[in-house]
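A closer look at the structure
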Amino acid sequence: MRIRRLLGLALATATLAGVSAVGGAAAQAATYPAVSSEQCTAQGGTVSPGGPYRSSMCNFPDGRSESIT
């Protein structure tokens, strides 16, 4: 009984470690790096000014947007 409990605990720990590693990699891949306004225009994007609570944004021709640093 004790061995079965230890094996179950080890399996649960390994599963949680694998899920958190995959989730972290997916979150890293989903974020775009911020660009400068020069990089935005060089890549064919347009710079839209930000408002009082948000930064300026770069709108690319493919439809995605990134914040400008």
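Placed above this text is the structure.
Residues numbered from 1 in each chain as written. Predicted model: local features only at pLDDT ≥ 70, side-chain atom pairs only at ≥ 80, totals over all residues. Heavy atoms only, no water.

1. Observations concerning the overall build of the protein
For the protein, the helix and strand inventory stands at two helices and three strands. Taken from N to C terminus, the helices and strands of the protein fall in the order α-α-β-β-β. The long-range fraction of contacts in the protein, counting pairs at least 24 apart against all pairs at least 6 apart in sequence, stands at 26%. For the protein, the computed accessible surface area is about 5500 Å², with 64% contributed by carbon and sulfur atoms. (Helix = DSSP H or I, 4+ residues; strand = E, 2+ residues; numbered from the N terminus. Contact = heavy atoms within 4.5 Å. Areas by Shrake-Rupley, 256 points an atom, 1.4 Å probe, with all protein chains shown as cover.)

2. Focus: the state of the cysteines
As enumerated under the stated definition, the model contains one disulfide in all. Residue pairing for Cys-40: its cysteine sulfur links by disulfide to Cys-58, the two sulfurs lying 1.9 Å apart. On the sign convention where negative means left-handed, the S-S torsion of about 85° between Cys-40 and Cys-58 marks this disulfide as right-handed. Taken together, the positions of Cys-40 in helix H2 (residues 37–42) and Cys-58 in strand S2 (residues 57–59) put the pair 18 residues apart, joining distant regions of the chain. Of the two residues, Cys-40 and Cys-58, both sit in the buried class. (Disulfide = S-S within 2.5 Å. Buried < 20%, exposed > 50% of the residue type's maximum accessible area, 1.4 Å probe, protein only.)

So, to be careful, I would describe these as geometric facts and stop short of saying anything about function.
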